[in-house]
Amino acid sequence: MALDAKIPGGPIETRWDRHRFDLKLVNPANKRKYRIIVVGTGLAGASVAASLAELGYEVLNFCFQDSPRRAHSIAAQGGINAAKNYPNDGDSIYRLFYDTVKGGDYRARESNVYRLAQISGNIIDQCVAQGVPFAREYSGLLANRSFGGAQVSRTFYARGQTGQQLLLGAYSALSRQIEAGKVKMFPRREMLDVVLADGHARGIICRNLLTGAYEKYAAHAVVLATGGYGNVFFLSTNAVGSNVTATWRAHKRGAFFANPCYTQIHPTCIPVHGEGQSKLTLMSESLRNDGRVWVPRRQGDTRAANDIPEAERNYYLEERYPSFGNLVPRDVASRAAKKMCDEGFGVGETRLAVYLDFRDAIKRDGRATIEKKYGNLFQMYEKITGEDPYTMPMRIFPASHYAMGGLWVDYNLMSTVPGLFVLGEANFSDHGANRLGASALMQGLADGYFVIPYTIGGYLAAATSKPVSDDGREFGETMAEVEARVHKILAVNGKRTARDFHKELGKLLWDHCGMARNANGLKKALVRIPEIRAEFWENVRVTGTGEEFNQELERAGRVADFLEFGELLVRDALHREESCGGHFREEHQTPDNEAKRDDEHFSYAAAWEFQGVGAEPTLHKEPLAFEYVKPTQRSYK
């Protein structure tokens, strides 16, 4: 199957406008004839559900939480990028485009990235109109701060609660449509499969998490906005419930999975503190605006941070990357922290941490200013660690955070399954091998508010408008397969919990496919993952039944999918014989230990086609053409 990304021709500045004009339209009076399923209620899901309903479509919206407001988008802290150039510091649509392509280490599709930069300003206007309380300057203009990988201030923020405030804005728009009867909301449903009819996505199968009942829903198109797969590492900054199930089940139905090895390790997280820990906590990248990252210059130094004099502190990011300093991109900062700890300069009890110090910022600007910018983040840090970051440095260490990989989509955000659209972190399209900070919220809202309302109309206008029904043979067969899988898990009745299997898989992947990878480690993981998976199906223990609220059963199903997906993640990392962004192969690095790409052989998106559990998947390549931002060795020095 040849991949057709449907990228428009002509100047990049006009591609999106011309493409929108060329798309077929659905007459306003005809929109009510179409039903669209949206899975997920985060920024991408809530915004697309509200937007499509406002246009007149009938929308069914699903989430596994008890409320759309609990989507993981709410956890985003530091901000959202947009090329408004309010500080008048030289920003532009083109600069945002350039920074994003470069930040992704030249492994993203130029046309998608430029469209994202174009749309970014509209997002801010939309959110302000919804009442999102962005920080403002004294003049009344919206405030901006800097994030990694850029030398301009383009990040809009609401203290350290930007994701929460943006989601409340999208939720208000969604609630309006629910009240109007145009969106029907289905909380506490977990999508367990997508239903295909005549090769097109025509519905989903869900499990009601409160009653255990299986439910089937039909539609003219299905939109997945279900987030990323960072929890495959077990410990991550993601909510514990975040999973790969929706995208993985769609993959098994024919949707290609692209670049799964591109996982982001965030450099600014609270370090692991115990064996019983179930997740890690993010400390916003925005803290690196005023916090300085350092370690002692002496290996194994056990003195308290405040007892180490200035001359004996190594501000290693500032020394190694003078142009960007502490605001280098996340992949660069994460590897630098790992290097310091590997060489014996780590701090804290585990020695797997570095300092993030606000001493100089407090002395320069005053505690009140720092508290106004980051007060809720400092409060969260103190509540978790018992340490006051106003008087002593924070301790941070990298952790699994975001997935740049996801289901392959074309320029219209449609997967290789016709009628199945994929938005936000669930797709692969905009970030390449590394996502710049504050760009996740931008992509989710761009996809939901300003891309899909056009492109899904183009698909529907070319398709049939006849009523859809869940009575067809395909729905019955798919539901039977879902039920059989759940019953199989319940029937094992072994001795190990799903959490225990997940923890073993996560450690294996972190050790061999985390911040650094090499061929030997990846090959070991490829041998071990099928063994863990085989034991899971022989020895997992799920208490309770399937006819009730059963969180152990929920977890087991998600872990089963992680055990299949983890193998693809490792295969992708092994096949890509280069280092780029978040994918750092130790065999491929420059003399000064930076990522070394191989543009001649790997300048493509790797899209994998499912061939069966444990079977070798088929690799399809989408060549990446760089007409505007020519690939060079990335440098932030």
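The rules behind these values
Residues numbered from 1 in each chain as written. Predicted model: local features only at pLDDT ≥ 70, side-chain atom pairs only at ≥ 80, totals over all residues. Heavy atoms only, no water. Salt bridge = Lys/Arg side-chain N within 4 Å of Asp/Glu carboxyl O. Helix = DSSP H or I, 4+ residues; strand = E, 2+ residues; numbered from the N terminus. Buried < 20%, exposed > 50% of the residue type's maximum accessible area, 1.4 Å probe, protein only. Phe/Tyr/Trp six-rings, centres within 6.5 Å; stacked < 30°, edge-to-face > 60°. Lys NZ or Arg CZ within 6 Å of the ring centre and 35° of its normal. Domains from an automatic or database assignment. Contact = heavy atoms within 4.5 Å. Buried area = accessible area lost by both parts, 1.4 Å probe. Expected span 1.5 Å × (residues − 1). Pairing = 2+ DSSP bridges. Core = buried A, V, L, I, M, F, W, Y, C linked by side-chain atoms within 4.5 Å. Right-handed = clockwise from strand over helix to strand, strands pointing away. Axes fitted to C-alpha atoms, helices over the stretch in contact; angles between N-to-C directions. Parallel < 35°, antiparallel > 145°, perpendicular 65-115°, else oblique. Nonpolar A, V, L, I, M, F, W, Y, C, P; charged D, E, K, R; others polar.

Brief notes about the pattern of salt bridges
Evaluated as defined, the whole model comprises 63 salt bridges. Across the pair Arg288 and Glu285 runs a salt bridge whose closest N-O atoms are separated by 3.4 Å. When the shortest N-O distance is used, the salt bridge between Arg330 and Glu285 registers 2.4 Å. Placement of Arg330 in helix α8 (residues 330–342) and of Glu285 in the loop between β11 (263–269) and β12 (292–296) is noted, with a sequence separation of 45 residues between them. By relative accessible area, which is 2% here, Glu285 ends up buried.

A short note on the packing of aromatic side chains
Note on aromatic pairs: each is described by the distance of the centres and the angle between the planes. Under the definition given, this model contains 31 aromatic pairs. Every member of this aromatic cluster is reached through a ring pair, and the members are Tyr229, Trp248, Phe257, Phe565 and Phe610. The lysine or arginine in question, Arg367, covers the ring of Tyr390, its NZ or CZ lying 3.8 Å from the ring centre. The ring of Trp537 carries Lys488 above its face, with NZ or CZ at 4.6 Å from the centroid.

Here's the deal with the environment of Ala180
Within the secondary structure, Ala180 is located in the loop between α5 (162–179) and β5 (183–186). When the C-alpha positions of Ala180 and Glu54 are compared, they lie 9.6 Å apart, and in sequence the two are 126 residues distant.

Regarding the domain arrangement of the protein chain
Along its sequence, the protein chain is carved into domain 1 (268–399) and domain 2 (473–593). Computed over C-alpha atoms, the centres of domain 1 and domain 2 are 32 Å apart. Residue-level contacts link 13 residues of domain 1 with ten residues of domain 2. Where domain 1 abuts domain 2, roughly 830 Å² becomes buried across the two surfaces, and 56% of that area is made up of carbon and sulfur atoms. When the buried area of domain 1 at its contact with domain 2 is split by residue, Arg320, Arg335 and Lys338 rank highest and sum to 48% of it. In this structure, the connection of domain 1 to domain 2 is made through one salt bridge.

Overview of α5
Taking 1.5 Å as the rise per residue, α5 with 18 residues should run 26 Å; its terminal C-alpha atoms sit 26 Å apart, in good agreement. Along α5, the positions that sit buried rather than exposed are Thr162, Gly163, Gln165, Leu166, Leu167, Gly169, Ala170, Ala173, Leu174 and Gln177. Looking one or two residues beyond α5, the residue adopting positive phi is Gly181, at roughly 85°.

Quick look at the pairing of strand β18 (residues 604–609)
Counting buried residues along β18, five of its six residues qualify, which places the element largely inside the surrounding structure. Pairing between strand β10 (residues 257–258) and β18: two bridges, direction antiparallel. Counted as the bridge partner of Ala258 is Ala607 from β18. Note that β18 and strand β19 (residues 618–623) share six bridges and pair antiparallel.

Quick notes on the side chain of Ser334
Tracing the backbone shows Ser334 in helix α8. On the basis of relative accessibility, which here comes to 2%, the residue Ser334 falls in the buried class. Discounting chain neighbours no more than four positions away, the residues touching Ser334 are Ile265, His266, Pro267, Pro398 and Met515.

Notes on the nonpolar core
Judged by nonpolar contacts, the single largest core of 154 residues is most densely connected at Ile80 and Phe536. Counting residues per element, this core draws most heavily on helix α15 (residues 551–575), at twelve residues. By size, the runner-up hydrophobic cluster in this structure holds 34 residues, among which are Met340, Cys341, Val354 and Tyr374.

Considering the pairing of strand β1 (residues 35–39)
In terms of residue burial, β1 counts as a mostly covered element, since four of its five residues are buried. For the crossover that starts at β1, traverses helix α2 (residues 43–55) and ends in the parallel strand β2 (residues 58–62), the hand is right-handed. By the bridge criterion, four bridges tie β1 to strand β9 (residues 221–224) in an arrangement that is parallel. Paired with Val39 across the bridge in β9 is Leu224.

Here we look at the sheet that holds strand β7 (residues 200–208)
Spatially, the three strands line up as an open sheet ordered β6-β7-β8, and their pairing is antiparallel. A strand with exactly one partner marks an edge of an open sheet, and here the two such strands are β6 (189–197) and β8 (214–218). Adjacent strand axes in the sheet meet at a mean angle of 25°, parallel and antiparallel pairs treated alike. Pairing analysis gives five bridges linking β7 to β8, with the strands arranged antiparallel. By the bridge assignment, Arg207 is partnered in β8 with Tyr214.

Re the packing of helix α13 (residues 498–513) against helix α14 (residues 519–539)
It is the contact of α13 with α14, at a shortest axis distance of 10 Å, that shows an interaxial angle of 175°. Relative to α14, the element α13 lies roughly antiparallel. When α13 is examined against α14, the residues Ala498, Phe501, Glu504, Leu505, Leu508, Leu509, His512 and Cys513 are found in contact with a partner set consisting of Gly521, Leu522, Lys524, Ala525, Arg528, Ile529, Ile532, Glu535, Phe536 and Asn539. Its residues assigned to classes, the contact of α13 with α14 shows eleven nonpolar, three polar and four charged.

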